[in-house]
Amino acid sequence: MGKLTVHALRAVLAVVLAGTVFVQASMVWALATDPEDGALPLTPLRVITILGMMSAQAALICVWRLVTMVRRGTVFSHTAFRYVDVVIGAIVAASLLWFAVTAVNAPGQREDPGVTLIMGGVGVAILGVALIVLVLRMLLAQAVARDVEAARMQAELDEVI
């Protein structure tokens, strides 16, 4: 991975992380100062937003660590699994939180239930992303196994020579 790619990715991660912190702070401020007007159940939506930002932040931090491991050439190790597992968990949590938003929003969509169906579809798509990352985790597991095997074979070859 080139330096430019690493720096660009880190810049994007930093901006998104700062954005999530800003949204979280705004939601906490709104919880403390802005009363509900009764049109929407704002308190549950604000709490879900805060939790959703936490799951995004966990994933962002783990991706940052994985990029660091890639840059150092240590990503093909068992340590990387911990970060990938947290990313998968964060995506699943985000999906569950999206389903919670869908459930909170559903009573207001009685005249147009298509919105609730679309929101449910988005939740399923988010779960699909978690499954894609799970497949990538399996590929990482194969790469680590091959790397370990190659190191073992190199050690045997070194003994022979």
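Residues numbered from 1 in each chain as written. Predicted model: local features only at pLDDT ≥ 70, side-chain atom pairs only at ≥ 80, totals over all residues. Heavy atoms only, no water.

## Considering the overall build of the protein
To keep things clear, this is the line we draw: Secondary structure follows DSSP: runs of H or I at least 4 residues long count as helices, runs of E at least 2 residues long count as strands, and numbering of each begins at the N terminus. We take the radius of gyration over the C-alpha atoms and set the globule estimate at 2.2 Å times the residue count to the 0.38 power.
Looking only at helices and strands, the protein has 4 helices and 0 strands in total. Each helix and strand of the protein, ordered N terminal to C terminal, gives the series α-α-α-α. Here the protein has a C-alpha radius of gyration of 21 Å; the compact-globule value for 161 residues is 15 Å, and the former is much larger. Taking the principal axes of its C-alpha atoms as reference, the protein extends roughly 80 × 30 × 25 Å.

## Remarks on the nonpolar core
Put simply, the rule reads: Throughout, nonpolar core names a set of buried Ala, Val, Leu, Ile, Met, Phe, Trp, Tyr and Cys residues whose side chains join them through atoms within 4.5 Å. Residue exposure (1.4 Å probe, protein chains only): buried if accessible area is under 20% of the type maximum, exposed if over 50%, otherwise partly exposed. Two residues qualify as a contact provided that any one of their heavy atoms is within 4.5 Å of a heavy atom in the partner residue.
The biggest cluster of nonpolar side chains holds 15 residues, and the ones touching the most others in it are Leu 66, Met 69, Ala 80, Val 84, Val 133 and Leu 140. For this core, the elements supplying multiple residues, two or more each, are α2 (42-72), α3 (79-105) and α4 (113-160). Of the residues forming this core, the biggest block, 7 residues, is contributed by α3. Once residues lying within four places of it in the same chain are set aside, the contact partners of Leu 66 are Val 75, Ala 80, Tyr 83 and Val 84. By size, the runner-up hydrophobic cluster in this structure holds 5 residues, among which are Ile 48, Leu 97, Val 101 and Met 119.

## Concerning the packing of aromatic side chains
In plain terms, the rule: Two aromatic rings from Phe, Tyr or Trp, using only the six-membered ring of Trp, form a pair when their centres are within 6.5 Å; if the ring planes differ by under 30 degrees the pair is stacked, by over 60 it is edge-to-face, and anything between is tilted. Charge-over-ring contacts are defined here by two conditions on Lys NZ or Arg CZ: a distance within 6 Å of the ring centre and an angle within 35 degrees of the ring normal.
Per the stated rule, a full pass over the model turns up 0 aromatic pairs. Across the ring face of Tyr 83, the terminal group of Arg 82 is positioned such that the distance to the ring centre comes to 5.0 Å.

## With respect to a nonpolar patch on the surface
What counts, and what does not: Residues forming no salt bridge and having over 30% relative accessible area are the ones grouped into patches, like charges within 9 Å of each other and nonpolar side chains (Val, Leu, Ile, Met, Phe, Trp, Tyr) within 5 Å. Computed with the Shrake-Rupley method and a 1.4 Å probe, the accessible areas treat only the protein chains shown as cover for residues. The salt bridge definition used is simple: a Lys or Arg side-chain nitrogen within 4 Å of an Asp or Glu carboxyl oxygen.
A cluster of nonpolar side chains, namely Leu 131, Ile 132, Leu 134, Val 135, Leu 136, Met 138 and Leu 139, defines an oily patch on the protein surface of about 650 Å² accessible area. Secondary-structure assignment places Leu 136 in helix α4.

## Regarding the side chain of Gln 24
Its place among the elements puts Gln 24 in helix α1 (residues 3-33). Its relative accessible area of 15% is what places Gln 24 among the buried residues. Ignoring anything within four residues of it in the chain, the contact list for Gln 24 reads Ile 50, Met 53, Met 54 and Gln 57.

## Structural notes on the packing of α3 against α4
Quick note on the threshold: Here an axis means a line fitted to C-alpha atoms, over the contact stretch when the element is a helix, while the angle between two N-to-C directions is reported on a 0 to 180 degree scale. Orientation is classified from the angle alone, with under 35 degrees giving roughly parallel, over 145 giving roughly antiparallel, 65 to 115 giving roughly perpendicular, and any other angle giving oblique. Amino acids outside the nonpolar list (Ala, Val, Leu, Ile, Met, Phe, Trp, Tyr, Cys, Pro) and the charged list (Asp, Glu, Lys, Arg) are all regarded as polar, and Gly is one of them.
Put simply, α3 and α4 touch, their axes get as near as 9 Å, and they point 170° apart. Looking at the two axes, α3 sits roughly antiparallel to α4. The class makeup of the residues in the contact of α3 with α4 is 24 nonpolar, 6 polar and 2 charged.

## What about the packing of α1 against α2?
Cut-off, in case you're wondering: What makes a crossing left-handed is the near helix being turned counterclockwise from the far one by less than a right angle; a clockwise turn instead makes it right-handed.
Viewed as axis vectors pointing N to C, α1 and α2 meet at an angle of 160°, and their least axial separation amounts to 9 Å. Looking at the two axes, α1 sits roughly antiparallel to α2. Both α1 and α2 take part in a crossing whose hand is left-handed. Within the contact of α1 with α2, the residues separate by chemical class into 21 nonpolar, 6 polar and 4 charged.

## As for the pattern of salt bridges
Tallying each qualifying case throughout the model produces 3 salt bridges. When the shortest N-O distance is used, the salt bridge between Arg 137 and Asp 85 registers 2.5 Å. In this pair, Arg 137 is assigned in helix α4 and Asp 85 in helix α3, connecting sequence segments 52 residues apart. Classification of Asp 85 as partly exposed rests on a relative accessible area of 37%. A salt bridge links Glu 156 to Arg 152; its shortest N-O distance comes to 2.3 Å. Placement of both Glu 156 and Arg 152 in helix α4 is noted, with a separation of 4 residues, approximately one turn of the helix. Among the residues examined, Arg 152 registers a relative accessible area of 39% and is labelled partly exposed. Three or more residues joined by partner-sharing salt bridges are found here, namely Glu 149, Arg 152 and Glu 156.

Read these as spatial facts, not as claims about activity.
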